Amino acid sequence: KISANNYNFYLNENNNIISNILKKYGNYPIKRIYLIRHPISKFMINCLNIVSFNKFHQEIKRYLLKKKKLPFNVCHIKLLVEIKLSKNDNKFIIIEKNNCVKITTKINIKDEYELRNISVKKYKYTLNEILEKTRIRIGNHKFFNWQIIKNNCQKIMKKILITLNKFNKR
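Residues numbered from 1 in each chain as written. Predicted model: local features only at pLDDT ≥ 70, side-chain atom pairs only at ≥ 80, totals over all residues. Heavy atoms only, no water.

## A short note on the overall build of the protein
Filter applied, for reference: Strands are runs of DSSP state E lasting at least 2 residues, helices are runs of H or I lasting at least 4, and numbering of each runs from the N terminus. Per-residue accessibility, obtained with a 1.4 Å probe over protein chains only, is compared with the maximum for each type, and a residue is labelled buried under 20%, exposed over 50%, and partly exposed between these values. We call two residues in contact when some of their heavy atoms are within 4.5 Å. Areas reported here follow the Shrake-Rupley algorithm with a probe of radius 1.4 Å; residue values treat only the protein chains shown as occluding.
Helix and strand content of the protein: 6 helices and 5 strands. Of all 170 residues assigned to the protein, the portion counted as buried reaches 38%. Summarising the internal contacts of the protein: among those between residues at least 6 apart in sequence, 70% fall at separations of at least 24. Total accessible area on the protein stands at roughly 11100 Å², and carbon and sulfur atoms take up 53% of it.

Dropping the structure here:
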């Protein structure tokens with residue numbers, strides 16, 4: 001049986017898949033966090049233009065004409081979180097923002113990905129704690145929903161880094 005809640009229609013809560021991942025792994029202590037940056041493919045740029053009825057292209061042009069530079073790099077940002085399950089067992093989880101906050105245990109690191117270690121005190125945080133504090137601080141609408149310029153992957157990762165007290169100009 002297929003339902004919209006299993007896929008990509010979100011408003012103010014996690015879908016079933018994300019809820020299950022958070023139930024299973026959300027309260028384990030975090031060992032390491034990495035910020036991942038990778039370029040958006042031309043295919044994805046075309047998809048963004050299609051799903052936004054060419055608003056993506058229009059926004060890019062508008063910002064370039066107005067400010068001579070984009071308000072964001074044309075790249076996608078996500079977090080790779082390593083959690084400690086037991087003495088000899090760790091689990092990697094990806095947090096990203098597409099049309100919603102997406103959390104997955106399916107990891108695929110490609111050559112063009114840039115990883116930066118975000119130093120956090122080992123075992124001080126849990127995934128549920130970080131996401132919940134960020135959600136409460138910015139509100140459900142900004143946390144769960146996506147907007148091409150004002151509420152994209154870079155904005156939510158910035159908010160998560162602020163929650164961790166790790167946001168800086170670098």
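## Some thoughts on the nonpolar core
One broad trend across soluble globular proteins is that nonpolar side chains are buried collectively. Rules: Nonpolar cores were defined as sets of buried Ala, Val, Leu, Ile, Met, Phe, Trp, Tyr and Cys residues, with membership established by side-chain atoms within 4.5 Å.
Counting 31 residues, the largest nonpolar core has Ile33, Ile95, Ile103 and Ile160 as the members making the most contacts within it. Mapped onto this core, the elements with two or more residues apiece are helix H1 (16–25), strand E1 (30–39), strand E2 (75–86), strand E3 (89–97), strand E4 (101–104), helix H4 (127–138), helix H5 (140–144) and helix H6 (153–163). For Ile95, the residues in contact, after removing those within four places along its chain, are Lys78, Leu79, Val81, Val101, Lys102, Ile103, Leu127, Leu131, Met157 and Ile160. Counting residues in hydrophobic clusters, the runner-up holds 5 residues, among them Leu48, Phe56, Ile60 and Ile149.

## A look at the packing of aromatic side chains
Cut-off, in case you're wondering: The pairing test for Phe, Tyr and Trp rings, Trp by its six-membered ring, is centres within 6.5 Å, and the orientation test on the planes gives stacked under 30 degrees, edge-to-face over 60, and tilted for anything in between.
By the definition in use, this model includes 1 aromatic pair. When the ring of Phe143 is compared with that of Phe144, the centres are 5.0 Å apart and the planes differ by 85°; the resulting orientation is edge-to-face. You'll find Phe143 and Phe144 in the same group, each marked buried.

## Quick notes on the environment of Cys153
Structurally, Cys153 can be placed in helix H6. Note: C-alpha distance between Cys153 and Val101 (52 residues apart in sequence) is 8.6 Å. Residues within four places of Cys153 in sequence aside, it is in contact with Cys75, His76, Ile77, Lys97 and Trp146.

## Quick word on the pattern of salt bridges
In plain terms, the rule: Think of a salt bridge as a Lys or Arg side-chain nitrogen and an Asp or Glu carboxyl oxygen that are within 4 Å of each other.
As enumerated under the stated definition, the model contains 6 salt bridges in all. As a salt-bridge pair, Arg32 and Glu82 come within 2.8 Å of each other at their nearest N and O atoms. Remark: Glu82 occurs in strand E2 and Arg32 occurs in strand E1; sequence separation between them is 50 residues. Relative accessible area serves as the criterion here: at 28%, Arg32 is assigned to the partly exposed category. By relative accessible area, which is 5% here, Glu82 ends up buried. In this structure, Glu96 and Lys102 form a salt bridge, with 4.0 Å as the shortest nitrogen-oxygen distance. A relative accessible area of 8% means that Glu96 is categorised as buried. If you follow the salt bridges from partner to partner, you end up with Lys78, Glu96 and Lys102 in one network.

## Topic: the state of the cysteines
Filter applied, for reference: We call a pair of cysteine sulfur atoms a disulfide whenever their separation is within 2.5 Å.
In this structure the tally under the stated criterion is 0 disulfides. Looking at the unpaired Cys75, the closest cysteine sulfur is the one in Cys153, lying at 6.7 Å. Note on Cys75: relative accessible area 9%, which makes it buried.

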